[in-house]
Amino acid sequence: MDDDEDLFASDVEDDKEKTVNPEDKKHALRRDLRTMVYGFGDDKEPYDKTLDVLEAIVLNYIKELCQLAMKVGKPDRMALEDIHYLIRRDQKKFSRVKDLLSMSEELKKARKQFDEVKPIL
């Protein structure tokens, strides 16, 4: 049980460290991919080669999508609408982006309301 809690718990130590060395940048998605692979039924500690391949695929997809988005809209600028335009035919991705953006807006509104509330003394 403790192992599962450690897997999904946020790493407070990682959050406190502001300095990022080049090795950490190289494997920026590794922790998230490990959690996702485990969530989809793989071993808790997947092979490093598996994570390397998955990370390469994800980074390549993001890179290609960003390059296409730069070409779609204003030259040398990428906007959220460009990403929407590129994924418009993939219903799963489009609806997920839409959901995440609406949740982000709701969180912004909630934070704003929380900041506006004056403490009662």
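Basis of the calculations
- Residues numbered from 1 in each chain as written.
- Predicted model: local features only at pLDDT ≥ 70, side-chain atom pairs only at ≥ 80, totals over all residues.
- Heavy atoms only, no water.
- UniProt positions renumbered as here; feature names shortened; annotations may be inferred.
- Phe/Tyr/Trp six-rings, centres within 6.5 Å; stacked < 30°, edge-to-face > 60°.
- Lys NZ or Arg CZ within 6 Å of the ring centre and 35° of its normal.
- Axes fitted to C-alpha atoms, helices over the stretch in contact; angles between N-to-C directions.
- Helix = DSSP H or I, 4+ residues; strand = E, 2+ residues; numbered from the N terminus.
- Parallel < 35°, antiparallel > 145°, perpendicular 65-115°, else oblique.
- Contact = heavy atoms within 4.5 Å.
- Nonpolar A, V, L, I, M, F, W, Y, C, P; charged D, E, K, R; others polar.
- Buried < 20%, exposed > 50% of the residue type's maximum accessible area, 1.4 Å probe, protein only.
- Arc of directions from axis to C-beta.

Looking up the chain in an unreviewed UniProt entry gives the name Transcription initiation factor TFIID subunit 13, with the organism given as Caenorhabditis remanei. Under the heading Subcellular location (unreviewed entry), UniProt records this for the chain: "Nucleus". Taken directly from UniProt, the Sequence similarities (unreviewed entry) text for the chain runs: "Belongs to the TAF13 family."

(A) Representation of the packing of aromatic side chains within the structure. Inspection of the entire model under this criterion finds zero aromatic pairs. When the ring centre of Y85 is taken as reference, the NZ or CZ atom of R88 above it lies at 3.9 Å.

(B) View of the packing of helix 4 (residues 30-39) against helix 5 (residues 48-72). Direction vectors running N to C along helix 4 and helix 5 enclose 110°, while the axes themselves pass 10 Å from each other. Of the possible angle classes, the one that applies to helix 4 and helix 5 is roughly perpendicular. Touching R30, L33, R34 and V37 of helix 4 are D48, L51, D52, L54, E55 and V58, all from helix 5. Partitioned by chemical class, the residues of the contact of helix 4 with helix 5 number five nonpolar, no polar and five charged.

(C) Helix 4, seen in detail. Taken together, the buried positions of helix 4 are R30, L33 and V37. On an axial view of helix 4, the arc spanned by its buried residues comes to 60°, and they lie on one face. Contact partners of the buried residues in helix 4: helix 5. A positive phi of about 105° marks G41, the residue just after helix 4.

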